[in-house]
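# A look at the structure
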Amino acid sequence: MAGLDLSPQLLRAVRTRLLADPALRPLVGDRVREAVSAREEWPFLRVDPPEVGPYEAQGWRGCACRLTVHAFLRGARGLGPVQELLAAVSAALDEADLTLARGELLWLSHERSLVLPEPLGPGSWHGVARFGAVAAEAF
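Each residue is numbered by its place in its chain's sequence as written, counting from 1. Note on the predicted model: pLDDT of at least 70 is required for a residue's local features to be given, and 80 or more for side-chain atom pairs to be given and counted; whole-chain, interface and lining totals, by contrast, use all residues. Only hydrogens and water are set aside; all other atoms, that is, all heavy atoms of the structure, feed into the side-chain values.

### Quick notes on the nonpolar core
We call a set of buried residues a nonpolar core when its members are Ala, Val, Leu, Ile, Met, Phe, Trp, Tyr or Cys and they connect through side-chain atoms within 4.5 Å of each other. Burial classification: accessible surface area is computed with a 1.4 Å probe over protein chains only, and a residue below 20% of its type maximum counts as buried, one above 50% as exposed, and the rest as partly exposed. Counting residues in each nonpolar core, the largest one holds 36 residues, and the members touching the most others are L18, L45 and V89. Sorting the residues of this core by element identifies α1 (7–20), β2 (44–47), β4 (60–73), α3 (80–93), β5 (104–117) and β6 (125–138) as the ones contributing at least two each. Any two residues whose heavy atoms approach within 4.5 Å at even a single point are treated as in contact. Discounting chain neighbours no more than four positions away, the residues touching L45 are L18, L24, V28, R31, V32, R33, V69, H70, A71, L85 and V89. In this text, helices come from DSSP runs of H or I with a minimum length of four residues, and strands from runs of E with a minimum of two, each type numbered from the N-terminal end.

Dropping the structure here:
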């Protein structure tokens with residue numbers, strides 16, 4: 001039996017959670033995007049489309065996903081602010097119990113994060129948080 005791609009539902013639920021998270025709201029406001037323009041107001045988060053593979057287990061059919069959330073921040077001389085932003089993203093999503101429009105989220109876990117200097121000059125940072133997830137339907 002082939003897998004079932006539930007990643008669009010997962011992406012919607014993740015973006016909704018990030019927008020509603022009380023720790024992230026003061027840091028990025030409503031700037032949680034799937035696509036950004038060159039004129040985007042900083043700081044902001046960008047959620048990439050998930051990498052998707054089939055998932056099957058006894059009684060379940062769905063997808064295993066790798067999700068990436070990017071955090072962009074300017075005006076910080078040190079790593080502290082971007083690390084704080086990544087920690088808030090991780091806290092919002094790690095082991096989150098998200099409701100999907102179709103299927104169920106079986107698990108969502110933070111795998112790793114890293115920080116890179118942005119080439120826009122001193123004080124510009126790009127944080128990357130990666131998550132693994134499984135979304136499936138019972139059959």
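### Notes on the environment of A101
By secondary structure assignment, the location of A101 is in the loop between α3 and β5. Each C-alpha atom of the pair A101 and R130 lies 23 Å from the other, and the pair is 29 residues apart in sequence.

### Looking at the confidence of the model for the chain
Per-residue pLDDT for the chain has a mean of 94; in total, 99% of the residues score no lower than 70. Across the chain, element-level confidence peaks in β2 with a mean pLDDT of 98 and bottoms out in strand β3 (residues 51–57) with 95. The predictor attaches a confidence to each residue, called pLDDT, with possible values from 0 through 100.

### Considerations on α3
Given a rise of 1.5 Å per residue, 14 residues ought to cover 20 Å, and the 20 Å separating the end C-alpha atoms of α3 matches this to within 8%. Check the buried side of α3 and you find it contacts α1, α2 (25–28), β2, β4, β5 and β6. Just beyond α3, the residue with positive phi is E95, at close to 60 degrees. Helix span, as expected, comes to 1.5 Å for every residue beyond the first.

### Description of the packing of α1 against α3
Helix axes use the C-alpha atoms of the stretch in contact, all axes being lines fitted to C-alpha atoms, and the angles between their N-to-C directions lie in the range 0 to 180 degrees. At a minimum axis distance of 10 Å, the contact between α1 and α3 shows a crossing angle of 120 degrees. Classified by the interaxial angle, the pair formed by α1 and α3 is oblique. Relative to α3, the crossing made by α1 is right-handed. Of the residues in α3, those touching α1 at V14, R17 and L18 are V89, A92 and L93. Grouping the amino acids of the contact of α1 with α3 by side-chain chemistry returns five nonpolar, no polar and one charged. Angle categories: roughly parallel below 35 degrees, roughly antiparallel above 145, roughly perpendicular from 65 to 115, and oblique for all the rest. Working rule for handedness: look at the near helix, and if it is turned counterclockwise from the far one by less than a right angle, call the crossing left-handed; if clockwise, right-handed. Each residue gets one label: Ala, Val, Leu, Ile, Met, Phe, Trp, Tyr, Cys and Pro are nonpolar, Asp, Glu, Lys and Arg are charged, and the others, such as Gly, are polar.

### Notes on the pattern of salt bridges
For side chains bearing opposite charge, pairing can occur when the charged atoms are close. Whenever a carboxyl oxygen of Asp or Glu lies within 4 Å of a side-chain nitrogen of Lys or Arg, that contact is scored as a salt bridge. This model, assessed by the stated rule, comprises six salt bridges. Linking E40 and R33 is a salt bridge whose minimum nitrogen-to-oxygen distance equals 3.2 Å. Of the residues examined, R33 reaches a relative accessible area of 22% and is grouped as partly exposed. Note that R46 is salt-bridged to D48, the shortest N-O span being 3.1 Å.

### A few points about the pairing of β6
For β6, the tally of buried residues reaches 12 of 14 residues, placing the bulk of the element in the interior. Two strands qualify as a pair provided that DSSP identifies no fewer than 2 bridges between them. Here β4 pairs with β6 via 14 bridges, running antiparallel. Across the sheet, R66 pairs through a bridge with G132, a residue of β6. By the bridge criterion, 12 bridges tie β5 to β6 in an arrangement that is antiparallel. Looking at β6, one finds that L116 is bridged to H126.

### Remarks on the side chain of S90
Examined against the element boundaries, S90 turns out to sit in helix α3. Think of a polar contact as two N or O atoms within 3.5 Å of one another; within protein, one of them needs to be a possible hydrogen donor and the other a possible acceptor, and neighboring residues in sequence only count if both atoms come from side chains. Here H110 takes part through its side chain, which lies 3.5 Å from a polar atom of the side chain of S90. What S90 contacts, discounting residues up to four positions off in sequence, is H110 and F131.

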